[in-house]
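As a plain string of letters, each chain reads:
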Amino acid sequence: MLTIFSDDHRLQAAKAELDAGTMKPAVERPERADMILRHVREAKLGPVEGPVSFGTGPLERIHTIAYLSFLRTAFDEWQERYGTSDALAINWAVRGLRQIIPEAIDGKLGYFGGDAGTPITAGTWQAATSSAAVALTGAWRLKDGDPVFALCRPPGHHASRDVFQGYCFLNNAAIAAQWLRDAGADRVAVLDVDYHHGNGTQEIFFDRDDVLFVSIHADPRTEFPYFLGHVDETGAGRGDGFNLNLPLPWATRWEGYAAALEKATAAVAEYAPDALVVSFGADIYRNDPICRFFLDTPDFARIGEAIGRLRLPTLVVMEGGYAVEALGVNTVTFLEGLLQTAR
Ligand code: SP5
Ligand code: ZN
């Protein structure tokens, strides 16, 4: 299995995130991707290649120009005012307030950002654009006929058209899915198995019938991102019926997960897409420090096998997973399961 990877991910190295009222070491850190890469190599999964450049065109298919220009210069604007600390919002454009883009960086962070856990750093733009290029290169290499692993970092599925949050800046999976559509695929499915609901991806494709979004995740009534991911979100307009949310309670283990996975893969199979993008998060693991499902390492193989059985051209896009010690093993176990049934 081909893996696409860029060293640029290390340029996103947040000092801290706001958690439970105090600044804690960021859980979305460079060691994550390095650990996965190490295990891809140790397991001899296949070649590892760097991304090729696709320019800004594919980013502009998903994100607004205003958002992209904000993201490109946000840290410079922040640094002018506050020096080298990471940029974090402390106020938001909530209900009742005018949706006018402010001039001051503090205001812009609150307009374009969704939480206080996603710092913008000196290297965020470079890391995020390289991460998107990793996903795009992976999508392009599906032409060779085998599944491809886009080892993206930073992750992407919480980023919407013009909002960054949940450690995500550019929606790598959405950018890849749209690129596949533009390259000739009539229908693309996105299957999101990260612990958290892929609210950004859902929002981007909610009114469309040419991209199916299916997500298995912790119930938003009790878990981040809180404000999207309920069962009654089925799509809008011509997209009605092309969004499927399968929320699960805290403490879900294999039995509960397997039932949802069956529904998810059945929905993808029925849609019969020309390509499948999997938003893969290993944060469903029982020892994940910020999550509350209890899936174990062998379960990752079962999930991979179930997805491989779809026998679709499949791009795996890395999303979350914060138990760094186990992250490489869990991710490679998933990929090996997928390979086992995919051919
Ligand atoms: C890509 C991805 O997985 N993003 C997840 C973002 C989650 N951000 C919210 C983290 C809240 C952690 N609080 C856990 C309580 C333990 N102190
Ligand atoms: Zn997650």
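About the thresholds
- Residues numbered from 1 in each chain as written.
- Chains lettered and ligands numbered in written order.
- Predicted model: local features only at pLDDT ≥ 70, side-chain atom pairs only at ≥ 80, totals over all residues.
- Heavy atoms only, no water.
- 1 Å grid on protein atoms, 1.4 Å probe; cavity = no way out; pocket = protein on both sides within 12 Å on 5 of 7 lines; lining within 4 Å.
- Points joined across faces, edges and corners; volume = space filled by probe spheres on them.
- Nonpolar A, V, L, I, M, F, W, Y, C, P; charged D, E, K, R; others polar.
- Near = heavy atom within 4 Å.
- Polar contact = N/O pair within 3.5 Å; in protein donor to acceptor, adjacent residues only side chain to side chain.
- Areas by Shrake-Rupley, 256 points an atom, 1.4 Å probe, with all protein chains shown as cover.
- Sits in = over half its atoms within 2 Å of the grid points.
- Helix = DSSP H or I, 4+ residues; strand = E, 2+ residues; numbered from the N terminus.
- Expected span 1.5 Å × (residues − 1).
- Buried < 20%, exposed > 50% of the residue type's maximum accessible area, 1.4 Å probe, protein only.
- Contact = heavy atoms within 4.5 Å.
- Pairing = 2+ DSSP bridges.
- Axes fitted to C-alpha atoms, helices over the stretch in contact; angles between N-to-C directions.
- Phe/Tyr/Trp six-rings, centres within 6.5 Å; stacked < 30°, edge-to-face > 60°.
- Lys NZ or Arg CZ within 6 Å of the ring centre and 35° of its normal.

*Asks:* Run through empty space enclosed by the protein, naming residues and quoting values.
*Replies:* The tally for this structure, following the rule as stated, stands at four cavities of 30 Å³ or more. Counted as a void, the largest cavity has a volume near 50 Å³. Taken together, Q12, A14, E17, A26, E28, G117, P119, Y167 and F169 form the lining of the largest cavity. Taken together, the residues of the lining of the largest cavity sort by class into five nonpolar, two polar and two charged. In this model, the second largest cavity occupies a volume close to 40 Å³.

*Asks:* Account for the site of ligand 1, naming residues and giving values.
*Replies:* Taken together, the residues surrounding ligand 1 are D19, P155, H157, H158, G166, Y167, D194, H196, F224, D283, G320 and Y322. In the model, a nitrogen atom of ligand 1 is placed 3.3 Å from a nitrogen or oxygen of the H158 side chain. Within the side chain of D283, an N or O atom sits 3.1 Å from an oxygen atom of ligand 1. Surface burial for ligand 1 is 75%, taken as the share of its 510 Å² of free accessible area covered by protein chains. When atom positions are compared with the pocket grids, ligand 1 is found to occupy the largest pocket. Looking at the shell around ligand 1 residue by residue, the classes come out as four nonpolar, five polar and three charged.

*Asks:* Lay out helix α8 (residues 254-271) with the relevant residues and their values.
*Replies:* Between its first and last C-alpha atoms α8 spans 25 Å; for 18 residues at 1.5 Å apiece the expected length is 26 Å, and the two agree. Every buried residue of α8 is accounted for by W254, Y257, A258, A260, L261, A264, T265, A267, V268 and Y271. On the buried face of α8, the contacting elements are β6 (188-192), β7 (211-218), β8 (243-248), β9 (275-280) and α9 (297-308). Positive phi appears at A272, one or two residues downstream of α8, with a value of about 50°.

*Asks:* Let's hear about the sheet that holds β9: which residues, and what values?
*Replies:* Within the open sheet, the eight strands sit side by side as β4-β1-β5-β10-β9-β6-β7-β8. Their pairing is parallel. Each having just a single partner strand, β4 (48-49) and β8 make up the two edges of the open sheet. Pairing geometry for β7 and β8, over six bridges, is parallel. The residue of β8 that forms the bridge with H217 is P247. Against the sheet, α8 makes contact with β6, β7, β8 and β9, and its axis sits at roughly 180° relative to β7, the strand it touches most.

*Asks:* Tell me what's going on with the layout of surface pockets, and back it up with residues and numbers.
*Replies:* In this structure, the largest pocket encloses a volume near 1,200 Å³. Looking at the lining of the largest pocket, the element that brings in the most residues is strand β2 (residues 16-19), giving three residues. Looking at the lining of the largest pocket, its residues break down into 18 nonpolar, 12 polar and seven charged. A volume near 160 Å³ is recorded for the second largest pocket. If you trace the second largest pocket, you find 13 residues lining it, with S53, F54, G55, T129 and A133 closest to the centre. The element contributing the most residues to the lining of the second largest pocket is helix α5 (residues 124-141), with six residues. Its residues assigned to classes, the lining of the second largest pocket comprises eight nonpolar, five polar and no charged.

*Asks:* Break down the packing of aromatic side chains for me, citing the residues and quoting the values.
*Replies:* Inspection of the entire model under this criterion finds 17 aromatic pairs. Centroid distance Y167 to Y322: 5.6 Å. Interplanar angle 75°. Geometry classified as edge-to-face. Of this pair, Y167 sits in the loop between β5 (148-150) and α6 (172-182) while Y322 sits in the loop between β10 (314-318) and α10 (324-342); the two residues are 155 residues apart in sequence, bridging distant segments of the chain. The two residues Y167 and Y322 agree in class, both being buried. For the ring pair F242 and Y271, a centre distance of 5.8 Å and an interplane angle of 65° mean the geometry is edge-to-face. Of this pair, F242 sits in the loop between β7 and β8 while Y271 sits in helix α8, and the two are 29 residues apart along the sequence. Through a chain of ring-to-ring contacts, three or more aromatic side chains come together here, namely Y67, F70, Y111, F112, F164 and F169. Note that R187 overlies the ring of Y271, its terminal NZ or CZ placed 5.7 Å from the centroid. Seen from the ring of W250, R292 lies directly overhead, with NZ or CZ sitting 3.8 Å from the centre.

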